[in-house]
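Next come the chains, spelled out residue by residue.
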Amino acid sequence: MTRGRQEPPGTSGTAGPPLLRLINQGKVLAVLRAGGPMRVGELARLSGLSRPTVSHVIDQLSEAGWVDYLEREPAGQRQLGRPARVARFRADAGYVLGIDIGPHQTAVLVADLDGRTVGSARRSTSSAQDQHQLLAAVRSAVDAALRAAGVAKRAVLSVAVGSPGIIDRHAGTVVQAPGLPGWTTLDLNQQLRRFFRCPVLVDNDVNLAVLGERWRGVARDADTVVFVLWGERVGAGICIGGQLHRGKGDAAGEIGYLTVLGDDGGGAQPDGEGRGPFEREVGASAIVRLARTLAADPARTSTLSGRPDLDVPEVFAAADHDATAREVVDTIAVRLARGLAPLMLTLDPDVLVIGGGISQAGPRILDSVNQHLQRLVLTPTPLRLSALGGDAVVTGAVRYALDDVAARLLPSADAAEAAAGQPATTPDSAGAPDRAGQPAAAAGEAGHPGEAGQPGKAGQPAAAAGEAGHQPGDGASR
């Protein structure tokens, strides 16, 4: 059966609710999302609101489609006497899509509003010759993922897309992406909006990868994180203080254009295949090229010699028993460490995560890079291999879309108070969890609870993706 509804929850009915009602709705919803199904009395205790207010707010949220009552109490919550009413957040009230578009494949995840994956699909893009063939592969993957999930397109509330290259995320266009045929200057937002009724958010793939690692990977909740995507291309995603750092021109982290290993006079310019100076020295092609050069030396005996079809995995696999392969790994590790050291000295991150195809070589390459990098920095930086592997970008895209739904559609006490310019906290609200499960900065209950109406959109008109104010992905540690 196809899951879906005609309109997103909370988008019909009256205009915006009064501030107090929106604050109360946000507080109750935050508790439910953080703690799962619970009785009205527990909701009242955790939100700092009275039981009558909580009951009324639940009715409002239920009318809007965000909350309903369970017919049975969850195991462990049953009590003697009259069954208590147990409310739950409706994670199936809508869905989000995360899309990772790459030179070799496109991956799509469909998730509910709790971030649980309900469908997925992948399509090869290796043979695509132009943007039309690439977009056809994307559409095919999206349709297959929605079918697998049993979700109708009208039930999708937000779509987030990760693409290689420099992205103008406000316009949703690809400014530069030499690794994908016909992708540069493409209005990706416009192309994908033809298939969805909801906002489509477009961002750099490595930016989304660092969100994925902070959400469900090895950098969970770390404040300052650098994620390095290491394959044929090399780029970095940066989180500072829990927020993505994109830079003035959305080009932060384009380390593939570093010239730290020597400048031949061309500066930070791509070659004929779109690779920057640093990528030409440490990317997958550089590894194979160095291996062939060293193995061709007649003074060496190597299993890598005479191998026209040599690839990166074979080079790293041979390092266990082949001195030439070990020299290749060590040389590339030295180069990468020299490129990463300025970033480490500048940011002093909590953790450096290495992902992408080359990271699949495992601990050997990580240990080698770590050995050389730590000699070039002042304080030790923990290095970790990505826990998400090839799913880092698409997982981060799901997180990005969930943040967009939370910002645009879900009632939020914090957002309502910020919009009204009210104090962030009051004595009545201390200890009430926010959406991240942390103590909320929300106003306490005030006035009469019995106000009618439905929850609206975070205290403001629904904003287009990238509009000033909250940016999806900021504080994406939930």
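The present account deals with the structure reproduced in this document. (Residues numbered from 1 in each chain as written. Predicted model: local features only at pLDDT ≥ 70, side-chain atom pairs only at ≥ 80, totals over all residues. Heavy atoms only, no water.)

Concerning the nonpolar core
Phase 1 of the analysis: Core analysis: the biggest nonpolar cluster contains 55 residues, and Val28, Leu43, Trp66 and Leu113 have the highest contact counts within it.
Phase 2 of the analysis: When residues of this core are assigned to their parent elements, the largest contribution, ten residues, is made by helix α12 (residues 392-408).
Phase 3 of the analysis: Apart from residues no more than four positions distant in its own chain, Val28 is found in contact with Leu43, Leu49, Val54, Val57, Ile58 and Leu61.
Phase 4 of the analysis: In this structure, Phe278, Ile287, Ala333 and Leu373 belong to the second largest nonpolar core, which totals 43 residues. (Core = buried A, V, L, I, M, F, W, Y, C linked by side-chain atoms within 4.5 Å. Buried < 20%, exposed > 50% of the residue type's maximum accessible area, 1.4 Å probe, protein only. Helix = DSSP H or I, 4+ residues; strand = E, 2+ residues; numbered from the N terminus. Contact = heavy atoms within 4.5 Å.)

Here we look at a negative patch on the surface
Phase 1 of the analysis: Side chains of Asp221, Asp223, Asp348 and Asp350 sit close together on the surface and give a patch of like negative charge.
Phase 2 of the analysis: Relative to the helices and strands, Asp350 is located in the loop between α10 (323-347) and β14 (351-355). (Patch = residues over 30% accessible without salt bridge, like charges linked within 9 Å, V, L, I, M, F, W, Y side chains within 5 Å. Areas by Shrake-Rupley, 256 points an atom, 1.4 Å probe, with all protein chains shown as cover. Salt bridge = Lys/Arg side-chain N within 4 Å of Asp/Glu carboxyl O. Lys, Arg positive; Asp, Glu negative; His and termini not counted. Charge placed at Lys NZ, Arg CZ, Asp CG, Glu CD.)

So, the packing of aromatic side chains
Phase 1 of the analysis: Under the criterion given, the structure shown has zero aromatic pairs.
Phase 2 of the analysis: Its guanidinium or amino end placed over the ring of Phe89, Arg33 lies 4.8 Å from that ring's centre, counting from NZ or CZ.
Phase 3 of the analysis: The lysine or arginine in question, Arg216, covers the ring of Trp215, its NZ or CZ lying 3.9 Å from the ring centre. (Phe/Tyr/Trp six-rings, centres within 6.5 Å; stacked < 30°, edge-to-face > 60°. Lys NZ or Arg CZ within 6 Å of the ring centre and 35° of its normal.)

Considering the packing of helix α2 (residues 40-47) against helix α3 (residues 51-64)
Phase 1 of the analysis: Two elements in contact, α2 and α3, have axes separated by 9 Å at closest approach and are oriented at 110°. As the angle between them shows, α2 and α3 are arranged roughly perpendicular. Residues Val40, Gly41, Leu43, Ala44 and Ser47 of α2 form the contact with α3, whose own contacting residues are Arg51, Val54, Ser55 and Ile58.
Phase 2 of the analysis: Here the residues of the contact of α2 with α3 sort into five nonpolar, three polar and one charged. (Axes fitted to C-alpha atoms, helices over the stretch in contact; angles between N-to-C directions. Parallel < 35°, antiparallel > 145°, perpendicular 65-115°, else oblique. Nonpolar A, V, L, I, M, F, W, Y, C, P; charged D, E, K, R; others polar.)

As for the sheet that holds strand β12 (residues 234-240)
Phase 1 of the analysis: Strand order across the open sheet formed by five strands is β13-β12-β11-β14-β15, with mixed pairing between neighbours. In this open sheet, the two edge strands, each paired with only one partner strand, are β13 (243-244) and β15 (383-385).
Phase 2 of the analysis: Bridge count for β12 against β13 is two bridges, and the pairing is antiparallel. When the bridges of β13 are listed, Ile240 appears paired with Gln243.
Phase 3 of the analysis: Sheet contacts for helix α6 (residues 205-216): β11 (225-230), β12, β13 and β14; angle to β12, the most-contacted strand, approximately 50°.
Phase 4 of the analysis: Across the face of the sheet, helix α11 (residues 363-373) comes into contact with β11, β14 and β15 while running at roughly 165° to β15. (Pairing = 2+ DSSP bridges.)

Points about the environment of Leu188
Phase 1 of the analysis: Among the structural elements, Leu188 can be located in helix α5 (residues 188-193).
Phase 2 of the analysis: Sequence-wise, Leu188 and Val200 are twelve residues apart; in three dimensions their C-alpha atoms are separated by 9.0 Å.
Phase 3 of the analysis: Not counting the four nearest positions on each side in its chain, Leu188 is found in contact with Ile101, Leu135, Val161, Ser163, Gly172, Thr173, Val174, Trp183 and Val202.

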